[in-house]
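Survey of secondary and tertiary structure
For reference, the chains in residue letters:
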Amino acid sequence: MEIVSVIGSGTMGRGIAYTSAAAGFITYVQDISESALGTCRSYIEKQFNRAVEKGELDRETADGAKNRIRYTTQLEEAAQDADIVIEAVLEIMDLKIEIFKQLDKIVKPSAILATNTSTMSPTEIAAQTSRPERCLALHFFNPVPRMKLIEVVCGLETSEETIERSFEFGKALGKECVKINEFPGFATSRMNCLIGNEAMNMVMEGVGTVEDIDKAIKLGLNHPMGPLELADLVGLDTRLRNMEYLHKTLGEKYRPCPILVKYVKAGRLGKKSGKGFYNYN
Ligand SMILES: NC(=O)c1ccc[n+]([C@@H]2O[C@H](COP(=O)([O-])OP(=O)(O)OC[C@H]3O[C@@H](n4cnc5c(N)ncnc54)[C@H](O)[C@@H]3O)[C@@H](O)[C@H]2O)c1
């Protein structure tokens, strides 16, 4: 594989694009929003500068990687030469299906179409294309440059060859892969969403302050981050969509906490909006 295309340049898309270019792939990043692409470009440039300052990359290598990234609002330009396309738009099934349908008409016959969905069915998305055997979910984690894992989530028709090529791609990015058979929320989101939701319920019940609940889970249960801090990092809008899908598919246990719903209504989306469970201003 040589050319990677990332669709959606938000929290996840920009991290995937950075990691892909740093690993030597020519990388296209596409978004419908010019302003999102601008924010993505400054994030990526900052990441490369930081890597140089820390001595992780020399300046020449960082500049080479930066020059391998092409930013565009045109889906066709981004995807026509790609060996693999990773869709990282909002967690909305109809939107993902629409993008996969368009991609199916644009990309090379051999190209793999992957969704970075946290919860949803790659089988359902793949069924709307002419290449379900070359579709799957590649679930990256936030922040992508630092997180080691990719869940390789196989749909009903995903071929062995697609799985093998995805594992090779993951290895080339310096990641560890696990093979997961499709089920809502896979292995990680299902667990993580439930922990986060329970922490939000505890805030609502007055069990402790946001800080103390996070501290208890970090120091008492040895989690690297508190669940509320993590939800803020993910984005509360994204987390709410994840919970809504899990609630619909897996049942009552996953009903989104009312505080989460209220915060999203108020525009408190976590770190990206400056305020969530914590204040970032
Ligand atoms: N945030 C996380 O921690 C996290 C972790 C793993 C997986 N995911 C999944 O990754 C996906 C993206 O999440 P995110 O947090 O990066 O979302 P985000 O809201 O930060 O970014 C989404 C981007 O998609 C763009 N977009 C919307 N419609 C588009 C279209 N038609 N074509 C091209 N771009 C379009 C938006 O302009 C935005 O820049 C979701 O499916 C989410 O569930 C998120």
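Since this is a predicted model, take the numbers as computed values, not measurements.

Section: the overall build of the chain
Along its length, the chain carries twelve helices and eight strands. For the chain, the C-alpha radius of gyration of 19 Å lies close to 19 Å, the compact-globule estimate for 281 residues. Considering only C-alpha atoms, the chain reaches an extent of 55 × 45 × 35 Å along its principal axes. The burial tally for the chain puts 49% of its 281 residues in the buried class. When contacts within the chain are restricted to residue pairs at least 6 apart in sequence, those whose partners lie at least 24 apart make up 66%. Looking at the chain as shown, the accessible area adds up to about 13400 Å², and 50% of this sits on carbon and sulfur atoms. Here the chain holds 35 positive side-chain charges and 38 negative ones, and the gap between their average locations is 5 Å.

Re the UniProt feature "binding site: NAD(+)" (unreviewed entry) in the chain
In the numbering used here, UniProt assigns the "binding site: NAD(+)" (unreviewed entry) feature to Gly8, Ser9, Gly10, Thr11, Met12, Gly13, Asp31, Glu91, Lys96, Ser118, Asn142 and Lys272. Checked against the element boundaries, Met12 lands in helix H1 (residues 11-22). In this view, Met12 contacts Ala88, Asn116, Phe140, Phe141, Asn142 and Val144; residues no more than four positions away in its chain are not counted. For Gly13, the location among the structural elements is in helix H1. For Gly13, the contacting residues outside a window of four places in its chain are Val6, Gly8 and Ala88.

A closer look at the pattern of salt bridges
As enumerated under the stated definition, the model contains ten salt bridges in all. The salt bridge partner of Asp63 is Lys66, with a shortest N-O separation of 3.7 Å. You can see Asp63 and its partner Lys66 sitting in helix H3 (residues 59-67), three residues apart, about one turn around the helix. Notably, a salt bridge pairs Lys218 with Glu229, separated by 3.7 Å at the nearest N-O pair. On the criterion of sequence distance, the pair formed by Lys218 in helix H9 (residues 210-221) and Glu229 in helix H10 (residues 227-234) is long-range, its members being eleven residues apart. Lys218 gets classed as partly exposed once you look at its relative accessible area, which sits at 29%. Its relative accessible area of 26% is what places Glu229 among the partly exposed residues. One connected set of salt bridges, linked through shared partners, spans Arg59, Asp63 and Lys66.

Parameters at a glance
Counting from 1, residues in each chain are numbered in the order their sequence is written. Restriction of local features to residues with pLDDT of at least 70 applies here, the model being predicted, together with a cutoff of 80 or more for giving and counting side-chain atom pairs; totals for whole chains, interfaces and linings are based on all residues. Each side-chain value is worked out from all heavy atoms of the structure, with water and hydrogens disregarded. Helix and strand definitions here come from DSSP, where helices need a minimum of 4 consecutive H or I residues and strands a minimum of 2 consecutive E residues; each element is numbered from the N-terminal end. Restricting the calculation to C-alpha atoms gives the radius of gyration, and the globule rule supplies 2.2 Å times the number of residues raised to the power 0.38. Burial classes follow relative accessibility: with a 1.4 Å probe on protein chains only, a residue under 20% of its type's maximum area counts as buried, one over 50% as exposed, and anything between as partly exposed. Whether two residues touch is decided by their heavy atoms; if any such pair falls within 4.5 Å, the residues are in contact. Calculation of accessible area relied on Shrake-Rupley with a 1.4 Å probe; when residues are assessed, cover is drawn exclusively from the protein chains displayed. The charge count includes Lys and Arg as positive and Asp and Glu as negative, but it does not include His or the ends of the chains. Charge placement uses NZ in Lys and CZ in Arg. For Asp and Glu, CG and CD serve respectively. UniProt positions are given in the numbering used here, feature names are shortened, and annotations may be inferred rather than shown by experiment. Here, a salt bridge means any side-chain nitrogen of Lys or Arg that lies within 4 Å of a carboxyl oxygen of Asp or Glu.

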